[in-house]
Amino acid sequence: MEALMFFDLLWKGIYLVIFVVNLYALVEAVRTPSQAFPLMDKQTKGLWVGLLGVGTVLALSAVMGSFALLVLLSLAASLIFMLDVRPAVRGVSGNRNEGPYGPW
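Reading guide: rules and limits
Here, residues in each chain are numbered from 1, in the same order as that chain's written sequence. Local features in this predicted model are restricted to residues whose pLDDT is 70 or higher, and side-chain atom pairs enter the listing and the counts only when it is 80 or higher, whereas totals over whole chains, interfaces and linings include all residues. Values shown for side chains rest on all heavy atoms present in the structure; no hydrogens or waters enter the calculation. Going along the chain from the N terminus, every DSSP run of H or I of four or more residues is numbered as a helix, and every run of E of two or more is numbered as a strand. A contact between two residues is defined here by any heavy atoms of the two lying within 4.5 Å. The salt bridge criterion pairs a side-chain nitrogen of Lys or Arg with a carboxyl oxygen of Asp or Glu, the two atoms within 4 Å. Exposed residues in this analysis have more than 50% of their type's maximum accessible area, buried residues have under 20%, and partly exposed residues fall in between, with area computed by a 1.4 Å probe over protein chains only. As used in this structure description, the phrase polar contact means that two N or O atoms lie within 3.5 Å; if the pair is within protein, one of them must be able to donate a hydrogen and the other to accept it, and residues adjacent in sequence are counted only when both atoms belong to side chains. Note that patches include only residues with greater than 30% relative accessible area and no salt bridge, and the join distances are 9 Å for like charges and 5 Å for nonpolar side chains (Val, Leu, Ile, Met, Phe, Trp, Tyr). All accessible areas in this document rest on Shrake-Rupley with a 1.4 Å probe, and a residue is counted as covered only by the protein chains that are shown. In this analysis, axes come from line fits to C-alpha atoms, helices being fitted only over the stretch in contact, and the angle between any two N-to-C directions falls in the range 0 to 180 degrees. Orientation labels follow simple angle bins: below 35 degrees gives roughly parallel, above 145 gives roughly antiparallel, 65 to 115 gives roughly perpendicular, and whatever is left gives oblique. When the near helix sits turned anticlockwise from the far one by under a right angle, the crossing is termed left-handed; a clockwise turn instead gives a right-handed crossing. The nonpolar class holds Ala, Val, Leu, Ile, Met, Phe, Trp, Tyr, Cys and Pro. Asp, Glu, Lys and Arg form the charged class, and all remaining residues, Gly among them, are polar. To get the bend at a given residue, fit one axis to the seven residues ending there, fit another to the seven starting there, and take the angle between those axes.

Visitor: Describe the environment of V89, listing the residues and the values that go with them.
Guide: Mapped onto the secondary structure, V89 falls in helix 4 (residues 71-90). Taking the C-alpha atoms as reference points, V89 and T32, 57 residues apart in sequence, are found 7.5 Å from one another. The residues contacting V89, other than those within four sequence positions of it, are T32, A36, F37, M40 and K42.

Visitor: Can you break down the pattern of salt bridges residue by residue, with the values?
Guide: One pass over the full model with this rule turns up 3 salt bridges. Between E28 and R31 there is a salt bridge, and its shortest N-O distance comes to 3.3 Å. One end of the pair, E28, and the other, R31, are both in helix 1 (residues 2-31), 3 residues apart, so they sit about a helical turn from each other. For R31, a relative accessible area of 63% gives the class exposed. Between D84 and K42 there is a salt bridge whose closest N-O contact spans 3.1 Å. Pair noted here: D84 is in helix 4 and K42 is in the loop between helix 2 (36-39) and helix 3 (45-64), with a separation of 42 residues, a long-range link. Connected through salt bridges with shared partners, the residues E28, R31 and R86 form a single ionic network.

Visitor: So, the side chain of K45: which residues are in play, and what are the values?
Guide: Structurally, K45 is set in helix 3. A distance of 2.9 Å separates a polar side-chain atom of K45 from the backbone oxygen of V30. Setting aside residues up to four positions removed in sequence, K45 forms contacts with A29, V30, T32, P33, S34 and F37.

Visitor: Tell me what's going on with a nonpolar patch on the surface, and back it up with residues and numbers.
Guide: Taken together, F6, F7, L10, W11 and I14 make up a surface patch of nonpolar side chains, about 490 Å² in accessible area. Mapped onto the fold, W11 is located in helix 1. In this structure W11 comes out as partly exposed when scored by relative accessible area, which is 43%.

Visitor: Mind laying out the packing of helix 1 against helix 3, listing which residues take part and the relevant values?
Guide: Across the interface, helix 1 lies against helix 3 with an axial gap of 8 Å and an inter-helix angle of 160°. By the angle class used here, helix 1 and helix 3 are roughly antiparallel. When the axes of helix 1 and helix 3 are compared, the crossing they make is left-handed. Contacts between helix 1 and helix 3 involve K12, Y15, L16, I18, F19, N22, L23, A25, L26, A29 and V30 on the former and, on the latter, K45, V49, L52, G53, G55, T56, A59, L60, A62, V63 and M64. Residues that form the contact of helix 1 with helix 3 fall into these classes: 16 nonpolar, 4 polar and 2 charged.

Visitor: How would you sum up helix 4? Please name residues and give values.
Guide: At F81, helix 4 shows its maximal kink, close to 35°. The set of residues buried in helix 4 consists of V71, S74, A77, S78, F81, M82, V85, R86, A88 and V89. For helix 4, the secondary structure elements touched by its buried residues are helix 1, helix 2 and helix 3.

Laid out in structure tokens, this is it:
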């Protein structure tokens, strides 16, 4: 019985981490200017904000106890955004005061 409770807590922790990743990706998508997405040949800002918003809600519901399997799909969307879309559109966002190691 203790092992079952341990795995339940472990999965809750994993879902919480996925929720934080989704929330961070959603905030980054909202902060990115709309014109940066088509300029870098990525999907529209509205599509990414919608996907990440749904993923964030799913991840939060998994932490609360439901939709656990769909959380993996939301993690996939967040990772695609964070690893592919964000680096591409970040250079277009207009932050000219940043050097290779952060703000000057």
